[in-house]
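Understanding the architecture of this molecule
Take a look at the letters that make up each chain.
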Amino acid sequence: HLPCHICTGAGDCMTQFDKYGFVPGCNDFRADYPFPVDANSAPSGVWYSLPLGGRCSGDPTGAKDCTWSYEDAGHVTLESLEEFS
């Protein structure tokens, strides 16, 4: 869990990052572990964390410091979503 890009998970984050690299994580809300601890408006949601130490340009290589990247995929307007309802 990386709110404000700070590891708040149990244990020593840097030991884990040193061992496995800055890998993306996810939390399936249906599992109720480790988050969320309270009821929320998205009980079937999934929370992804992308540690900044793993961000790289281009395709990820899998190196400890190059585990994810992104590219702008444009935008979706509310009006275009309403067409499907």
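Preceding this section is the structure that the text describes.
The sections below set out a description of the structure shown in this document. Note that the structure is a prediction, hence the values are computed from the model and not measured.

Our next topic: the overall build of the chain. Helix and strand counts for the chain come out as two helices and two strands. If you list the helices and strands of the chain from N to C, you get α-β-β-α. Scored against the burial criterion, the 85 residues of the chain give a buried share of 18%. For the chain, the share of sequence-separated contacts (at least 6 apart) that also reach a separation of at least 24 residues comes to 33%.

All right, on to the packing of aromatic side chains then. Counted under the stated rule, the structure contains two aromatic pairs. Each ring, one from phenylalanine 29 and one from tryptophan 47, has its centre 6.1 Å from the other, and the planes form 70 degrees; the classification is edge-to-face. Taken together, the residues span a long stretch of sequence, with phenylalanine 29 in the loop between β1 (25-28) and β2 (46-49) and tryptophan 47 in strand β2 at a distance of 18 residues.

Moving on: the pattern of salt bridges. This structure, assessed with the given rule, holds one salt bridge. Aspartate 28 serves as the salt-bridge partner of arginine 30, at 3.0 Å between the closest nitrogen and oxygen. Looking at aspartate 28, the relative accessible area reads 28%, which means it is partly exposed.

Here we take up the state of the cysteines. Taken as a whole and judged by the stated rule, the model has one disulfide. What pairs with cysteine 56 in a disulfide is cysteine 66, and their sulfur atoms sit 2.1 Å apart. Disulfide cysteine 56 to cysteine 66: torsion about the S-S bond roughly 75 degrees, handedness right-handed. Of this pair, cysteine 56 sits in the loop between β2 and α2 (78-82) while cysteine 66 sits in the loop between β2 and α2, and the two are 10 residues apart along the sequence.

Mapped onto the elements of the fold, serine 69 is located in the loop between β2 and α2. Taking the relative accessible area as the measure of exposure, serine 69 reaches 29% and is therefore partly exposed. The spatial distance from the C-alpha of serine 69 to the C-alpha of leucine 52 is 9.9 Å, given a sequence separation of 17 residues. Excluding anything up to four places from it in sequence, serine 69 contacts Cys56, Gly58 and Pro60. In this structure the side chain of serine 69 is engaged in a polar contact, spanning 2.7 Å, whose partner is the backbone oxygen of glycine 58.

Attention shifts here to the side chain of threonine 67. One can find threonine 67 in the loop between β2 and α2. Judged by relative accessible area, threonine 67 falls into the buried class, the value being 17%. Among the polar contacts made by the side chain of threonine 67, one reaches the main-chain carbonyl oxygen of phenylalanine 22 at a distance of 2.3 Å. Here threonine 67 is in contact with Phe22, Val23, Pro24, Gly54, Cys56 and Pro60, once residues within four sequence places are set aside.

About the thresholds
Residues numbered from 1 in each chain as written. Predicted model: local features only at pLDDT ≥ 70, side-chain atom pairs only at ≥ 80, totals over all residues. Heavy atoms only, no water. Helix = DSSP H or I, 4+ residues; strand = E, 2+ residues; numbered from the N terminus. Buried < 20%, exposed > 50% of the residue type's maximum accessible area, 1.4 Å probe, protein only. Contact = heavy atoms within 4.5 Å. Phe/Tyr/Trp six-rings, centres within 6.5 Å; stacked < 30°, edge-to-face > 60°. Salt bridge = Lys/Arg side-chain N within 4 Å of Asp/Glu carboxyl O. Disulfide = S-S within 2.5 Å. Polar contact = N/O pair within 3.5 Å; in protein donor to acceptor, adjacent residues only side chain to side chain.

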